Amino acid sequence: MPRAKNGAVEIEYETFGDQNPETVILINGLGSQMTRWPVAFCEKLVARGYRAIRFDNRDVGLSSWLDGQKYSIQDMAADVIAVLDAAGVKKAHVAGVSMGGMITQIVAIEHPERVLSITSIMSATGAPGTMDSTPEAAAVLNVPPPDPKADFEVFVAHGMKNARTIGSPAYPWDEAALRERVISEYRRAFNPAGVGRQMSAIRADGDRTARLAKLNVPAVVLHGADDPLLKPYGGEMTAKAIPGAELRIVPGMGHDLPPGLYDIVIDAIVAAATRAKAAA
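Our subject in this report is the structure included herewith. (Residues numbered from 1 in each chain as written. Predicted model: local features only at pLDDT ≥ 70, side-chain atom pairs only at ≥ 80, totals over all residues. Heavy atoms only, no water.)

1. Topic: unusual backbone geometry
Trans peptide bonds make up the majority, and among non-glycine residues the majority have a negative phi.
At step 1: The phi dihedral of Asp 59 is positive, around 75°, even though this residue is not glycine.
At step 2: Secondary-structure assignment places Asp 59 in the loop between strand E4 (51-55) and helix H2 (73-86).
At step 3: Given a relative accessible area of 1%, Asp 59 falls into the buried group.
At step 4: Of note in the backbone geometry, Ser 98 takes a positive phi value of approximately 55° without being a glycine.
At step 5: Within the element layout of this structure, Ser 98 appears in the loop between strand E5 (92-97) and helix H3 (99-110).
At step 6: Overall, Ser 98 belongs to the buried group, its relative accessible area being 12%. (Helix = DSSP H or I, 4+ residues; strand = E, 2+ residues; numbered from the N terminus. Buried < 20%, exposed > 50% of the residue type's maximum accessible area, 1.4 Å probe, protein only.)

2. Digging into the sheet that holds strand E7 (residues 219-224)
Within a sheet, neighbouring strands are paired by backbone hydrogen bonds and run either parallel or antiparallel to one another.
At step 1: Pairing within the open sheet is mixed, and its eight strands lie in the order E1-E2-E4-E3-E5-E6-E7-E8. The sheet is open, and its two borders are formed by strand E1 (3-6) and strand E8 (246-250), each paired with just one other strand. Each strand of the sheet is rotated relative to its neighbour by a mean of 25°, with strand direction disregarded.
At step 2: Where strand E3 (residues 23-27) lies against E4, four bridges are found, and the strand directions are parallel. Across the sheet, residue Leu 26 finds its bridge partner in E4, namely Arg 54.
At step 3: Set on the sheet, helix H10 (residues 262-279) makes contact with E3, E5, strand E6 (115-121), E7 and E8; between it and E6 the angle comes to about 150°. (Pairing = 2+ DSSP bridges. Axes fitted to C-alpha atoms, helices over the stretch in contact; angles between N-to-C directions. Contact = heavy atoms within 4.5 Å.)

3. A short note on the side chain of Asp 205
At step 1: Position of Asp 205 relative to the elements: it lies in helix H7 (residues 192-205).
At step 2: By relative accessible area, Asp 205 is classed as buried at 11%.
At step 3: The residues touching Asp 205, leaving out its near neighbours within four places in the chain, are Ile 73, Gln 74, Ile 106 and Arg 211.

So yeah, pure geometry; function would need other evidence.
What follows is the structure in structure tokens.
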């Protein structure tokens, strides 16, 4: 699989579709690997007429792990640009979930010449109150996972419970598929220390509201009405901050991307892309 370079950092990425259509680059959330944008999801985007790119953020998956190093959301946004450069893409539609939505916002703020549209999904501006969680959902981020080498079944059960805690009540996962996801992600890469460094980068960026207010880019903000990790207020304030942004609140959607939500998320990305074409 190809790798992009941003200085000493290497970013693992994968493309779907040929190089002719417009490109959508997909950015993951905190601690999650590019496989959270499943092949079936990417193929659906290709079927809608787009080239899709997914990648592992730094400190997760098969990209560089940065033990003992600090970095910023701006650095992670520069990783996105490095992937676009490596893939030969001058401008792209940028879509991200959760932390990926925050990186999406920074890409638009700092690299507007590379952005056709943005879709900020289950994310926030970083303003006070926009990143509040229920206590149960907060524990998903704050309670370390059990040692998989001590008892792998306990580790798998913990991962499945976390997924259900922040998941979408109207779009539940198949239990077997959820179990396979937890196991396959562990086998591909397991770097819990990287989650802490990514979290530090999020917190250090602070409130993006004033920066978002200066954007001039077609934007769709998608958020779950039942998101316990980043409550709908985060999406509402994001849409309010970005001039002309469209807000889509989805009943029964939590903080995940189960198969039942693929088309809803893709519709939002395509809506942003369509707005960009109309404005061109």
